[in-house]
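Structural features, examined
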Protein chains: 2
Amino acid sequence: MENDLFGICPFVTTQKILTGKWTLLIMHCLSERTLRFNELQRTLPSLTSTTLTKQLRMLEDHGLIIRTVYNQIPPRVEYSLSDLGKNFKPVLDELEIWGNQYIEFLKNKNQISDQTNDDTNKNEMTSF
Amino acid sequence: MENDLFGICPFVTTQKILTGKWTLLIMHCLSERTLRFNELQRTLPSLTSTTLTKQLRMLEDHGLIIRTVYNQIPPRVEYSLSDLGKNFKPVLDELEIWGNQYIEFLKNKNQISDQTNDDTNKNEMTSF
DNA sequence: CTGCATCCCGCTCGATACTG
DNA sequence: CAGTATCGAGCGGGATGCAG
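Further remarks concern the overall build of chain A. Across its full length, chain A holds six helices and three strands. Along chain A, helices and strands appear, N-terminal first, in the series α-α-β-α-α-β-β-α-α. Out of the 128 residues belonging to chain A, those deemed buried represent 38%. Pairs at least 24 apart in sequence give 43% of the contacts found in chain A among residues at least 6 apart. Carbon and sulfur atoms form 50% of the exposed surface of chain A, whose accessible area is close to 7800 Å².

Below, the structure written as structure tokens:
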């Protein structure tokens, strides 16, 4: 296999699962409650159905979420966490705590750099 | 901005930080002790210096690790976690727990689908 | 409403070769 | 020992358009 440590090292394995720009956010949303496709879409701004579908399929293939289809008109599809997905909750909690810490860190950093560097120049080279 | 929620949503922000195929593993290694460049390289199999350097630079730029250079011949560079990086430890711990759960899940899945195939490669590795 | 098919762009990974 | 320079392949994200 291309990824020698997948299925062996817990960190490499998890990292592989978490590839996908929106996986954490999706997992967080579904950890609160079951959601329909367009509920997810409304919750996650700037995320097209194409991308959302792909990410959901990936998580489903990996066994983290469950896709339930109701045969109705109009269609109704619900996404919820599997047991494996529910066990992921502690990770999400710690991730959220640390993420907020990091955001605070960023704010301080920007305050410092904004004092010295007020002119974020964007001059396009007009000629020469 | 290309990433509207970076610096706002803790999950999106963290996900962005964690891009990089080896970030979690590197963070785990450094969470145990300070390491030199080639120690990391020896610890992490199949990882060229090019890639390792890039990932380390990324983590350094994001403020998670600290790079200390000793002016010596031969050169000596040590990598350690910053305070921000040390605060990441709880995430790593939960990640490791869940990752091992997931590995167990994979084994069961493979047992079902690989009833005819007996894989001889079943070494237990806690990490790397 | 919940997708799939297609195409394109950018970016990351990694191989290889070279350096102080 | 600890990198840098360069280059290429591959893959994921997203825009667009269509479908049941």
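So much for the structure itself; the text now carries on.
A separate point is the interface of chain A and chain B. Listed by partner, the interface residues are 46 residues for chain A and 50 residues for chain B. Both faces combined, the contact of chain A with chain B buries some 4200 Å², and carbon together with sulfur accounts for 72% of it. Of all residues in chain A, A:F11, A:Q15 and A:W98 bury the most surface against chain B, accounting for 20% of the area lost on that side. If you look at where chain A meets chain B, you find zero salt bridges. Inspection of the chain A/chain B interface yields 14 residue pairs in polar contact (both at pLDDT 80 or more). Among the secondary structure elements, those contributing two or more residues to the side of chain A that touches chain B are α1 (10-17), α2 (23-32) and α6 (89-116) of chain A. Looking at which element gives the most residues to the side of chain A that touches chain B, the answer is α6(A), with 15 residues. Considered class by class, the residues forming the side of chain A that touches chain B number 25 nonpolar, 15 polar and six charged.

Residues and elements named next belong to chain A. The strand order β1-β3-β2 describes an open sheet built from three strands, whose pairing is antiparallel. Only two strands of the sheet have a single partner each, and these edge strands are β1 (35-36) and β2 (65-70). Packing against the sheet, α2 makes contact with β1, β2 and β3 (76-81), and its axis sits at approximately 95 degrees to β3. Lying over the sheet, helix α4 (residues 49-61) contacts β2 and β3, oriented at roughly 115 degrees with respect to β2.

Mapping chain A onto chain B calls for a rotation angle of 180 degrees and an axial translation of 0.0 Å; the resulting RMSD is 0.1 Å. Expressed as a symmetry operation, the mapping of one chain copy onto the other fits a two-fold axis. Closest approach to the rotation axis within chain A is made by the C-alpha atom of A:V91, at a distance of 3.1 Å. Of all interface residues in chain A, 100% are interface residues in chain B too; the two copies therefore contact each other through one and the same surface.

In this section: the protein's contact with DNA strand C. Taken together, the neighbourhood of DNA strand C is formed by 21 residues, with A:T53, A:R67, A:Y79, B:K21 and B:T48 sitting nearest. In the interface set of DNA strand C, defined as its atoms within 4 Å of the protein, sugar plus phosphate atoms amount to 70%. Interatomic distance of 3.5 Å between a backbone N/O atom of A:P75 and a sugar or linking oxygen of DNA strand C. Elements that contribute at least two residues to the surface near DNA strand C include exactly α3 (37-43), α4 and β3 of chain A together with α4 (49-61) of chain B. For the surface near DNA strand C, the residue count by class is seven nonpolar, nine polar and five charged.

Moving on, we get to the side chain of A:H28. Here A:H28 lies in helix α2. With near-sequence residues (within four places) excluded, A:H28 lies in contact with A:L92, A:E96 and B:F11.

Turning our eyes to something else, we now look at the domain arrangement of chain A. Residues and elements named next belong to chain A. Segmentation of chain A into domains returns domain 1 (1-84) and domain 2 (88-128). Listed as interface residues are six residues of domain 1 and, on the opposing side, five residues of domain 2. A buried area of about 500 Å², summed over both sides, lies between domain 1 and domain 2, and 80% of it is on carbon and sulfur atoms. Its largest share of buried area at the contact with domain 2, domain 1 owes to L24, M27 and S31, together 56% of the area lost on that side. At the junction of domain 1 and domain 2, the tally comes to zero salt bridges. For the pair domain 1 and domain 2, the interface holds one residue pair in polar contact (both at pLDDT 80 or more). When residues of the side of domain 1 that touches domain 2 are assigned to their parent elements, the largest contribution, four residues, is made by α2. Tallied by class, residues from the side of domain 1 that touches domain 2 come to four nonpolar, two polar and no charged.

Reading guide: rules and limits
Residues numbered from 1 in each chain as written. Chains lettered and ligands numbered in written order. Predicted model: local features only at pLDDT ≥ 70, side-chain atom pairs only at ≥ 80, totals over all residues. Heavy atoms only, no water. Helix = DSSP H or I, 4+ residues; strand = E, 2+ residues; numbered from the N terminus. Buried < 20%, exposed > 50% of the residue type's maximum accessible area, 1.4 Å probe, protein only. Contact = heavy atoms within 4.5 Å. Areas by Shrake-Rupley, 256 points an atom, 1.4 Å probe, with all protein chains shown as cover. Buried area = accessible area lost by both parts, 1.4 Å probe. Salt bridge = Lys/Arg side-chain N within 4 Å of Asp/Glu carboxyl O. Polar contact = N/O pair within 3.5 Å; in protein donor to acceptor, adjacent residues only side chain to side chain. Nonpolar A, V, L, I, M, F, W, Y, C, P; charged D, E, K, R; others polar. Pairing = 2+ DSSP bridges. Axes fitted to C-alpha atoms, helices over the stretch in contact; angles between N-to-C directions. Least-squares fit on C-alpha atoms with pLDDT ≥ 70 in both. Near = heavy atom within 4 Å. Domains from an automatic or database assignment.

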